[in-house]
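# Notes for the structure review
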Amino acid sequence: MSSSWMMNDHEKKALSLYIHYPFCVRKCRYCDFLSFPADAAARQAYLDRLGAEMAYRSQAFSGYEVTSLFIGGGTPSLMSGDQLLALMDHVRRHFSLREDAELTMECNPGTVDAEKLSAMRKAGINRISFGLQSARDEELRLLGRIHSFSDFLKSYEAAREAGFDNINVDLMSALPGQSLSSCMESLEAVLALAPEHLSVYSLIIEPGTPFWDLYGEDAPGKPAIPLPDEDTEREMYHRICRRLEAAGYDHYEVSNFARPGRACRHNLVYWRRGEYLGLGLGAASLVDERRFSNTRDLPIYMSSFAPAEEERLTEQARMEETMFLGLRCMRGVSEAEFEAAFGKRIGDIYGPVLEKLCAQGLLAREKGRFFLTERGLDVATPVMAAFLL
Ligand code: SF4
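Residues numbered from 1 in each chain as written. Predicted model: local features only at pLDDT ≥ 70, side-chain atom pairs only at ≥ 80, totals over all residues. Heavy atoms only, no water.

### Things to note about the packing of helix α1 (residues 40–57) against helix α2 (residues 81–94)
Running from N to C, α1 and α2 point in directions that differ by 10°, and their axes come no closer than 9 Å. Our classification of the angle between α1 and α2 gives roughly parallel. Here Gln44, Leu47, Leu50, Gly51, Met54 and Ala55 of α1 lie close against α2, whose contacting residues are Gln83, Leu87, His90, Val91 and His94. Grouping the constituent residues of the contact of α1 with α2 by class yields six nonpolar, five polar and no charged. (Axes fitted to C-alpha atoms, helices over the stretch in contact; angles between N-to-C directions. Helix = DSSP H or I, 4+ residues; strand = E, 2+ residues; numbered from the N terminus. Parallel < 35°, antiparallel > 145°, perpendicular 65-115°, else oblique. Contact = heavy atoms within 4.5 Å. Nonpolar A, V, L, I, M, F, W, Y, C, P; charged D, E, K, R; others polar.)

Take a look at the structure:
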């Protein structure tokens, strides 16, 4: 008998929850995330709908225990303290939360104060991810961010005072007009605060954004403030990696760095292909080797929970994901784990491509694992794409 009522907590399967809160004060100029401004009534209606979605979806998850939760957006810190408490009440009512679950909430600098941070603590949030992007106000203005660096400092200090001891700070490199020294200045300003975790992504110019009109393939003329060239961008990346490693951070994923024991458990689930359920507009899930996602259309979401996309993963798709997600992590892909998952040796499936990439110095093999070398990190995307069968 395998009914879920018979299982004790230790027998439950691990599940990560993602909750999408799509609202922002205004759109940043580079942003292509699913986010937009909305009035207070629309934001409350959305939260009510999220509660209904939890009630609906949780029925299939009684055999699971939530080991991590991530409230992302958008700007989840636009929620009032009461709204967040109500949201987390719904989560606890409908899902079984492991006592030591990692519960992260993304916060925009300038949108939290002592009262909200205390409500976050009360709601059980134990990790904050601050979207800072740069410590220089002129760069923040250029990006269209709603905050200054001093707004960030106030929010960060208030979070520490409220008792948060697990904080991530997001930074971006390769910004328009950014030099190597201004990039490193931002990094130093953040390092001085000793956050437990840093994510540093290169700016990507996405179609459909105001930045695309300025810097995209079809942009008319030369922009007044140019982007750094490719060599400078790579140099920024390598210097950031070296500096953070020297400061005691473990470079555990292409763009992520953590103090020992502080890697983001939630994101590791994505990269290791653990099971996760996405709730809210456009949220994606991987459950039982099925990938599905909610509609990205708000009016449709408000009236139907039918998945907008759904795919049952073939063995080939699972192998491909194992490789390209696994290689994002610096520890790489384990030969033994691959064989345990698929009953086939990694060399039998990927022998020629592994051999070629190792010979080119883009991958290395050590202690039964394949992983990206420093050179491989510079061309990580094409290296990972080489594993699509
Ligand atoms: S705060 Fe984040 S999600 Fe919102 S517009 Fe800016 S980049 Fe996009």
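Next comes the rest of the account.
### Digging into the domain arrangement of the protein chain
Entries for the protein chain in the domain assignment read domain 1 (4–271) and domain 2 (315–389). A C-alpha centroid distance of 28 Å is found between domain 1 and domain 2. Across the boundary between the two partners, domain 1 contributes 11 residues, which contact 10 residues of domain 2. Each partner contributes to the roughly 920 Å² buried at the junction of domain 1 and domain 2, and carbon and sulfur atoms together form 55% of this total. Its largest share of buried area at the contact with domain 2, domain 1 owes to His238, Val254 and Trp271, together 49% of the area lost on that side. Counting the contacts that link domain 1 with domain 2 gives two salt bridges. When the shortest N-O distance is used, the salt bridge between Arg234 and Asp378 registers 2.7 Å. Counting every contact that joins domain 1 to domain 2 gives five residue pairs in polar contact (both at pLDDT 80 or more). For the side of domain 1 that touches domain 2, the secondary structure elements donating two or more residues are α8 (230–246), β7 (250–253) and α9 (265–271). Grouping the amino acids of the side of domain 1 that touches domain 2 by side-chain chemistry returns seven nonpolar, two polar and two charged. (Domains from an automatic or database assignment. Buried area = accessible area lost by both parts, 1.4 Å probe. Salt bridge = Lys/Arg side-chain N within 4 Å of Asp/Glu carboxyl O. Polar contact = N/O pair within 3.5 Å; in protein donor to acceptor, adjacent residues only side chain to side chain.)

### Quick word on the packing of aromatic side chains
Under the criterion given, the structure shown has 19 aromatic pairs. Here the aromatic rings of Tyr21 and Tyr46 are separated by 6.5 Å at their centres, their planes lie at 80°, and the arrangement is edge-to-face. Of this pair, Tyr21 sits in strand β1 (residues 13–21) while Tyr46 sits in helix α1, placing them 25 residues apart in sequence. The two residues Tyr21 and Tyr46 agree in class, both being buried. Grouped by ring-pair contacts, the aromatic residues Tyr21, Phe23, Phe36, Tyr46, Tyr56, Tyr301 and Phe305 constitute a single cluster. Cation over ring: Arg121 sits above Phe164, and NZ or CZ is 5.6 Å from the ring centre. Across from the ring centre of Tyr249, 4.3 Å away, lies the NZ or CZ of Arg259, which sits over that ring. (Phe/Tyr/Trp six-rings, centres within 6.5 Å; stacked < 30°, edge-to-face > 60°. Buried < 20%, exposed > 50% of the residue type's maximum accessible area, 1.4 Å probe, protein only. Lys NZ or Arg CZ within 6 Å of the ring centre and 35° of its normal.)

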